Amino acid sequence: MTEVDLQALRRGDEGAFRTLVKAHHSTLFRLAMIYSPSRAIAEETVQETWLAVLRGLDGYAGRASLRTWICRILVNIARRRAGIETRSLPFSVLESETGMTSADHDRLMETGSRTGHWQGTAPSGDWSRVPEDKVLSLELRAVVAAAIAGLPRSQREVITLRDVEGWTAAEVSDLLSVDAGNQRVLLHRARTRVRQALDDYLRPSVSAA
Amino acid sequence: MRKLECHDLVGRLTDYLEGALDPDELVGLAAHLEACASCRTHARQFDVMLGLMAQLPVEYISDVLESNLLTGYREWLPGVTV
């Protein structure tokens, strides 16, 4: 958003305000859902965010992108409402997990001369054999969305911004104050779980193919 | 250089995609993928998953929220110095 647009807001241009709100709604709502027990609460968080954005508009210095600035306000509001300390460590980084699910572990041999190789021939289903209409279905996207919703919060923050919203690593580090290394760890754990959920869902079709 | 195994690949796919592998690791990973059909399957699944996540349906604003926000905007305006 440019300086001109900010002036339009100050002039009372409702069209400019609507455009701004709609441009950012999906991102803000998805972020809000991470901290909210319901869609209704997430909507309240988005509403509170926009009112805070308007009140703080004069303080927007243009150092961060407007998107990052608005999202930071939302994350602060959402965490406060959820009773989460903003500066707390992302504890899931500290969990002693590898980037594998237990199912991945089960399929990799733990001992013997072929330590670390896949059991049998395939790591999991070959999804290229899944019928295309199923791969393209809304149902499959719902499986992905549900898997993301079930992730620990810090993993869900990172995968939502990086893989769903398409933010760069630098933007996500800036918004969440998580360094590049920790971000990669969180992203990989999150992707590992989502892949597993998809594989669990698709495996029956693969076997039947 | 230690030979790269399946569990290395499974654990480091994101590091690879993020450009966080050093040149030695990159060569090892490419060589392993070349040799291991199972890991190629795993990597393809990663691709499909990334495509699905990038295409999740967008969230549209509800009429109630949009109307509440316009009300908030109109109430904010009088205090603004243009």
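Look up a bit, the structure's there.
Predicted model only: the values in this text are computed from it and were never measured.

Engineer: I tried to follow the packing of aromatic side chains on my own but got confused; where do I start?
Structural biologist: Given two aromatic rings, their pairing is described by the distance between the two centres and the angle made by the two planes. Counting across every chain of the model gives four aromatic pairs over all chains. Ring centres of Phe17(A) and Tyr73(B) lie 4.5 Å apart, and the angle between their planes is 5°; on these two criteria the pair is classed as stacked. In this pair, Phe17(A) is assigned in helix 2 (residues 14–35) and Tyr73(B) in helix 4 (residues 63–76), connecting two distinct chains. Judged by centre distance (4.8 Å) and plane angle (45°), the ring pair of Tyr60(A) and Trp69(A) falls under tilted. Of the two residues examined, Tyr60(A) and Trp69(A), each falls in the buried class. Through a chain of ring-to-ring contacts, the aromatic side chains of Phe17(A), Trp50(A), Tyr73(B) and Trp76(B) assemble into a single cluster.

Engineer: It is not clear to me how the interface of chain A and chain B should be interpreted in this structure. Could you clarify?
Structural biologist: One frequently used descriptor of interface size is the decrease in accessible area upon assembly of the parts. Each side of the interface is counted separately: chain A has 56 residues, and chain B has 47 residues. Put simply, chain A and chain B have six salt bridges between them. With its nearest N and O atoms 2.7 Å apart, the salt bridge here joins Glu66(B) to Arg18(A). Between chain A and chain B we count 20 residue pairs in polar contact (both at pLDDT 80 or more) in total. Among the secondary structure elements, those contributing two or more residues to the side of chain A that touches chain B are helix 1 (3–11), helix 2, helix 3 (39–56), helix 7 (138–149), helix 8 (153–164) and helix 10 (180–208) of chain A.

Engineer: Quick question: what am I supposed to make of the environment of Val144(A) here?
Structural biologist: The residue Val144(A) is located in helix 7 in this model. Separated by 54 residues in sequence, Val144(A) and Leu198(A) place their C-alpha atoms 6.8 Å apart. For Val144(A), the contacting residues outside a window of four places in its chain are Val194(A), Leu198(A), Leu52(B), Met53(B) and Leu56(B).

Conventions we followed
- Here the residue numbering is sequential within each chain, running from 1 through the sequence in written order.
- Written order decides the labels, with chains lettered from A and ligands numbered from 1.
- Restriction of local features to residues with pLDDT of at least 70 applies here, the model being predicted, together with a cutoff of 80 or more for giving and counting side-chain atom pairs; totals for whole chains, interfaces and linings are based on all residues.
- Side-chain figures throughout are based on the complete set of non-hydrogen atoms in the structure, without hydrogens or water.
- Note on aromatic contacts: the rings of Phe and Tyr and the six-membered ring of Trp form a pair at centre separations within 6.5 Å, being stacked when their planes are under 30 degrees apart, edge-to-face when over 60 apart, and tilted otherwise.
- Secondary structure counts use DSSP, requiring at least four H or I residues in a row for a helix and at least two E residues in a row for a strand, with both numbered from the N terminus.
- Buried, partly exposed and exposed residues are distinguished by accessible area as a fraction of the type maximum, computed with a 1.4 Å probe on protein chains only: under 20%, between the cut-offs, and over 50%, respectively.
- Contact between two residues is taken to exist if any of their heavy atoms lie within 4.5 Å; hydrogens are not considered.
- Between Lys or Arg on one side and Asp or Glu on the other, a salt bridge is scored when a side-chain nitrogen of the former is within 4 Å of a carboxyl oxygen of the latter.
- Each polar contact in these results corresponds to two N or O atoms within 3.5 Å; when the atoms are within protein, one needs to be able to donate a hydrogen and the other to accept it, and residues that are neighboring in sequence are counted only if both atoms are side-chain atoms.

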